[in-house]
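Chains, contacts and geometry: an overview
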Amino acid sequence: MLSRPHGTVRGEGVVGSFTDVDEASAALRAGEVGSLTGAIPFDARDPAALVAPARLRTGEAPLSGSAPLSRRAVSTVSHPDRDEHRERIAHAVKRIVAGDVGKVVLARSVDLVLDEQIRPAELLDALAGGNAGHNAFGVDLGAATGSGSWLLGASPEALLRKSGSTVTCHPYAGSAPRSADPAVDRATADELAASTKDLAEHAFVVDHLRERLGHLCDEVDAPSTPQLESTGEMWHLATPIRATLRDPAVTALDLALLLGPTPAVCGTPSDVAAQIIREVEGDRGFYAGTVGWCDAVGDGEWMVSIRCAELAADGRSLRTWAGGGIVEHSDPQAELDETQFKLRTVFNALGIPLADIVN
Ligand SMILES: C=C(O[C@@H]1C=C(C(=O)O)C=C[C@H]1O)C(=O)O
């Protein structure tokens, strides 16, 4: 299920499931399945959770959402701890200065155990209620992987949307926290829009998308300056990109594999950044991959899987993540703080104070 400001897409029933993205793509192309929905991990070679639903229901209004839940955390542990995350950032800055990589996105995860079980639909509604666009997604990972877990989130970032020969992307990169004080909130946003460090961090993503889209599209239109956009918790720099495919038969799923993971969640050059992330963080699972859908004619929408959590089959254990782009002028403490603010999306939906993180 994907809730977006322009409507909701819901897969109902399962007629097939795939852990191999290429097999899924081939089945769609051959007409063996009518549509695909689900999640692709950060490393697309790892098992995906894609299903062919019996029915793809489109065109419903965005989820109206609910108030936050009011759960308590029995335990809340961060991997790595804050000191180590700062050290990792300082080390990444050294590698950037040494010329090994231009940008790399480093993330940390937080494991929570709740006092009481939650149902995936409850968390989905709370996530949708936490942002003005009612962005939210929920993917049953068990349908393809057998794990019985769900990936649930409120990502504001569209990797791509494809309709006919038109592709739009809406990358986010460059971040600052929202404030309850309107004057502070505005000043923070203005500072972000003028920050050379954040503009540079953002440009890596737009350059990547221009280059990748250029392989398949005649025209790629993007404004030269990003715009400010907000979620309930964060301000971001965002760029609306629009391109026209030479061959409209290219599917939204093909495009998701071509475009992601972008330097908003990986880095530049992509292969070097991905290697650093694997060495430093290990396996990211479904975090920073993509979730979405693709129909029989290849239209669809795929979101970047951030501001999300994996809810285990027991309904009480969750893992959430937050990361940030590291560039030459990144400050380890500011980057650590940024991950704290980003973690609020899931913590706020659960009704758990961030201060509950023990390390
Ligand atoms: C990596 C995350 O967010 C991404 C990184 C951003 C940044 O570094 O400024 C901004 C938005 C997202 O593209 C996350 O939320 O975990």
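Per-chain numbering applies: the sequence of each chain, read as written, is numbered from 1 onward. Local features are withheld for residues below a pLDDT of 70 in this predicted model, meaning they are given only at 70 or higher, and side-chain atom pairs are given and counted only at 80 or more; totals for whole chains, interfaces and linings count all residues. In computing side-chain values, all of the structure's heavy atoms are included and hydrogens and water are not.

A few points about the pattern of salt bridges
Think of a salt bridge as a Lys or Arg side-chain nitrogen and an Asp or Glu carboxyl oxygen that are within 4 Å of each other. Under the definition given, this model contains 26 salt bridges. Residue aspartate 190 is joined to arginine 186 by a salt bridge in which the shortest nitrogen-to-oxygen separation is 3.3 Å. Of this pair, aspartate 190 and arginine 186 are both found in helix H5 (residues 182-194), four residues apart, which corresponds to roughly one turn of the helix. Throughout, exposure labels follow a simple rule: accessible area from a 1.4 Å probe, protein chains only, divided by the maximum for the residue type, with under 20% read as buried, over 50% as exposed, and the rest as partly exposed. Arginine 186 gets classed as partly exposed once you look at its relative accessible area, which sits at 43%. Of the charged contacts, one joins arginine 284 and glutamate 281 as a salt bridge, the two residues approaching to 2.7 Å between their closest N and O atoms. Take arginine 284: its relative accessible area is 3%, and that puts it in the buried class. Overall, glutamate 281 belongs to the partly exposed group, its relative accessible area being 21%. Bridged by salt links that share partners, the residues Arg10, Glu12, Arg55, Arg57 and Glu60 form one connected network. Strands are runs of DSSP state E lasting at least 2 residues, helices are runs of H or I lasting at least 4, and numbering of each runs from the N terminus.

Brief notes about the sheet that holds strand S14 (residues 234-238)
One requirement defines pairing of two strands: DSSP has to find at least two bridges between them. If you trace the three strands from one edge of the open sheet to the other, you get S11-S14-S13, paired in antiparallel fashion. The open sheet is flanked by strand S11 (172-177) and strand S13 (227-230), the only strands paired with a single partner. On average, each strand axis in the sheet is inclined to that of its neighbour by 30 degrees, with strand direction left out of account. Of the pairings in the sheet, the one linking S13 to S14 comprises four bridges and is antiparallel in character. Residue serine 230 lies in a different strand from S14, and its bridge partner there is tryptophan 235. Packing against the sheet, H5 makes contact with S11, S13 and S14, and its axis sits at approximately 30 degrees to S14. Contacts between helix H6 (residues 196-214) and the sheet are confined to S11 and S14, with S11 contributing the most and set at about 150 degrees to the helix. As a rule, the C-alpha atoms of each element are fitted with a line to give its axis, helices using only the stretch in contact, and angles between N-to-C directions run from 0 to 180 degrees. Working rule for contacts: check all heavy atoms of both residues, and any pair within 4.5 Å makes them a contact.

Digging into unusual backbone geometry
Geometrically, the link from histidine 79 to proline 80 is a cis peptide bond, its omega value of -5 degrees lying close to zero. A positive phi is found at histidine 134, a non-glycine position, where the angle reads about 55 degrees. Checked against the element boundaries, histidine 134 lands in the loop between helix H3 (120-129) and strand S7 (136-140). Despite not being glycine, alanine 288 has its phi angle at roughly 70 degrees, a positive value.

Observations regarding the site of the ligand
The criterion for a residue being near a molecule or strand is simple. One of its heavy atoms has to lie within 4 Å of it. Every one of the 17 residues lining the ligand counts as a neighbour, but Glu157, Ser175, Tyr287, Arg307 and Gly325 are closest to it. Nitrogen and oxygen atoms within 3.5 Å of one another constitute a polar contact, given that in protein one can donate a hydrogen and the other can accept it, and given that sequence-neighbouring residues count only through two side-chain atoms. Interatomic distance of 2.8 Å between a backbone N/O atom of glycine 323 and an oxygen atom of the ligand. In this structure, glutamate 338 approaches the ligand through a side-chain N or O atom, which is 3.4 Å from an oxygen atom. Shrake-Rupley sampling with a 1.4 Å probe provides the accessible areas, and residues are treated as covered by the protein chains on show and by no other component. Starting from 390 Å² of accessible surface for the ligand in isolation, the protein chains cover 100%. Elements supplying a minimum of two residues to the shell around the ligand: S11, strand S20 (317-326) and helix H9 (332-350).

Remarks on the pairing of S11
Along any regular strand the residues' side chains alternate between the sheet's two faces. Counting buried positions along S11 gives five out of six residues, so the element sits mostly inside the fold. Here S11 pairs with S14 via four bridges, running antiparallel. Looking across to S14, one finds that proline 177 is bridged to methionine 234.

Considerations on the nonpolar core
In this structure, Leu151, Leu160, Leu213 and Trp302 are the most contacted members of the largest nonpolar core, which totals 70 residues. When residues of this core are assigned to their parent elements, the largest contribution, five residues, is made by helix H7 (residues 252-259). Among the nonpolar cores identified, the runner-up in size contains 28 residues, and Leu69, Val110, Leu112 and Ile357 belong to it. The term nonpolar core refers to a set of buried residues drawn from Ala, Val, Leu, Ile, Met, Phe, Trp, Tyr and Cys, joined through side-chain atoms within 4.5 Å.

A look at the UniProt feature "domain: Chorismate-utilising enzyme C-terminal" (unreviewed entry) in the protein chain
UniProt's feature table lists "domain: Chorismate-utilising enzyme C-terminal" (unreviewed entry) at residues 82-342, given in the numbering used throughout. Taken end to end, residues 82-342 is 36% helix and 32% strand, and its two terminal C-alpha atoms sit 14 Å from one another. UniProt positions are given in the numbering used here, feature names are shortened, and annotations may be inferred rather than shown by experiment.

Some words on H6
Because each turn of an α-helix spans 3.6 residues, side chains separated by three or four positions end up pointing in the same direction. One less than the number of residues in a helix, times 1.5 Å, gives the span that helix is expected to have. A rise of 1.5 Å per residue sets the reference length of H6, with its 19 residues, at 27 Å; its end C-alpha atoms lie 26 Å apart and thus fit the reference within 8%. Lys197, Asp198, Glu201, His202, Val205, Val206, His208, Leu209 and Leu213 are the residues of H6 that are buried.

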